[in-house]
Amino acid sequence: MSTTGQVITCKAAVCWAAGEELKIEEIEVAPPGAHEVRVKILYTGICHTDEYTRSGKDPEGVFPVVLGHEGGGIVESVGEGVTNVKPGDHVIPLYTAECRECKFCKSGKTNLCGKVRATQGQGLMPDSTSRFKCKGQSLFHFMGTSTFSQYTVVADVSIVAVNETAPLQRVCLLGCGITTAWGAVAKLPAPGVKDSTVAVFGCGAIGLGVIETARTHGASRIIAVDTNPNKESWAKKFGAQEFVNPAQLGDKRIQDYLIEITDGGLDFTFDCTGNVNVMRAALEACHKGWGVSSIIGVAPAGHEISTRPFQLVTGRVWRGVAFGGVKGRTEIPGLVDEYLAGKIKIDEYVTHSRKFEEINEGFHDMHAGDCIRCVVDMTTI
Ligand SMILES: NC(=O)C1=CN([C@@H]2O[C@H](COP(=O)(O)OP(=O)(O)OC[C@H]3O[C@@H](n4cnc5c(N)ncnc54)[C@H](OP(=O)(O)O)[C@@H]3O)[C@@H](O)[C@H]2O)C=CC1
Ligand SMILES: N[C@@H](CCC(=O)N[C@@H](CSC=O)C(=O)NCC(=O)O)C(=O)O
Ligand SMILES: [Zn+2]
Ligand SMILES: [Zn+2]
């Protein structure tokens, strides 16, 4: 029986309040409005940003909410005026929209579309309402995606169809982590990291992806930095030649050590931790005159970065990047094809798989130190 135009009752993992575990609830998902798409989510990754918001560290966090932004699914139905996807398409929801009409999209300078960002940050659809209800209460959306629900509704500018032969339990990770890491390196202005020295701070999925992309883009030397000694073998497997544990340097600061072993500092550094002290170290480990440091990590509410302005006066550049600077509707289909052609790794990041009913264990996995990415099968309930 067709569900088009009907309210769908399904299961979702609801976070009722900051710091609480998720609770699997029966929820009602309204049909998509104009320029909206309802998606059956089959798989979702758990990203550290989901945990960041769950824990209450996100200044934009609103509750009760359906978290999740690294999903893969199939279009169930579309609202009026939707032309970019159709029922049955295999899709990846995008937390960075791409409307192709706003001043950001048209600038050619950024992937940060402005079309739905304001309401997305409030946990609402573009018309400032929610499509989710639980026990009569409205639930907030998250990052315009809410992939921890068996059905979700997203704006049409926030979704892309991908090659149907691609396994959704793998390419869902292109919804955030792997694309973020790939773009942060591959989309640097030419010549990028080719023949350059690189240091990557934090070797989770993001850091490992940065290491991998730096390797495939011809970096001459890649140094991985992580306080977790178990990450050394991971970093080397993805392409780092050296591994430094800052906790083992005694009184020496990590930036001073890196400057010492690289004849004045790195050409490129990347923060993949979200720790503002690490962000500072990554900037200060850059070479005078030309070193570029990219902030990828997301810092808790109230945390601020600082350094001596002299670090910038003397030619180091501090930048940040969201979703790797990638325009999702335009570029993700190509990344899926590159994965299918064996040019981009995804399988290697998946260390844990969980049933939907085990989603909280998936969050605990992230804290155990041996989890790179956990993929949740949304069809097990
Ligand atoms: N800008 C963007 O678009 C995106 C940003 N993010 C953000 O990127 C960050 C990284 O994500 P992810 O890779 O999933 O996270 P992980 O937690 O898996 O990886 C971070 C790694 O850094 C290590 N670490 C912690 N403290 C330090 C330190 N002081 N010095 C060196 N290493 C340290 C951690 O060790 P341990 O395991 O012991 O904690 C861990 O190995 C997060 O802040 C996430 O929110 C994610 C996706 C997109
Ligand atoms: N809401 C937070 C900031 C969260 C943040 O920086 N998100 C990243 C993506 S992290 C993905 O896992 C991002 O793309 N930000 C750009 C955006 O427009 O949201 C806060 O308010 O500090
Ligand atoms: Zn993420
Ligand atoms: Zn736009």
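Values in this document were obtained by computation on a predicted structure and should not be read as measured data.

Asker: Could you give an account of the overall build of the protein chain, with specific residues and numbers?
Answerer: A count of helical and extended segments in the protein chain gives 12 helices and 18 strands. Against the compact-globule benchmark of 21 Å for 381 residues, the protein chain has a radius of gyration of 21 Å, which places it among compact chains. In terms of overall dimensions, the protein chain has a C-alpha envelope of 65 × 40 × 40 Å along the principal axes. A burial count over the protein chain gives 51% of its 381 residues as buried.

Asker: Residues and numbers for the site of ligand 2, please.
Answerer: Taken together, Cys47, Thr49, Asp58, Pro59, Glu60, Thr96, Leu112, Arg117, Cys176, Val298, Ala322 and Phe323 make up all the residues around ligand 2. The class makeup of the residues in the shell around ligand 2 is seven nonpolar, two polar and three charged.

Asker: Which residues make up the site of ligand 1, and what values go with them?
Answerer: Ligand 1 sits among 31 residues. The nearest are Gly202, Gly204, Ile206, Asn228 and Gly274. Those elements that provide at least two residues to the shell around ligand 1 are helix 1 (48-54), helix 5 (177-186) and helix 6 (205-216). Split by residue class, the shell around ligand 1 holds 15 nonpolar, 14 polar and two charged. Of the residues that make up the shell around ligand 1, three or more belong to each of domain 1 (8-178 + 326-377) and domain 2 (188-322).

Asker: Go over the domain arrangement of the protein chain, please, and point to the residues and values.
Answerer: When its domains are assigned, the protein chain resolves into domain 1 (8-178 + 326-377) and domain 2 (188-322). If you average the C-alpha positions of domain 1 and of domain 2, the two centres end up 28 Å apart. Contact with domain 1, which involves 16 residues of that partner, is made by 12 residues of domain 2. Broken down by secondary-structure element, the contributors of at least two residues to the side of domain 1 that touches domain 2 are helix 1 and helix 5.

Cut-offs used in this document
Residues numbered from 1 in each chain as written. Chains lettered and ligands numbered in written order. Predicted model: local features only at pLDDT ≥ 70, side-chain atom pairs only at ≥ 80, totals over all residues. Helix = DSSP H or I, 4+ residues; strand = E, 2+ residues; numbered from the N terminus. Rg over C-alpha atoms; globule rule 2.2 N^0.38 Å. Buried ≥ 20, exposed ≤ 12 C-beta atoms within 10 Å, placed from the backbone. Near = placed C-beta within 6 Å. Nonpolar A, V, L, I, M, F, W, Y, C, P; charged D, E, K, R; others polar. Domains from an automatic or database assignment. Contact = placed C-beta atoms within 7 Å.

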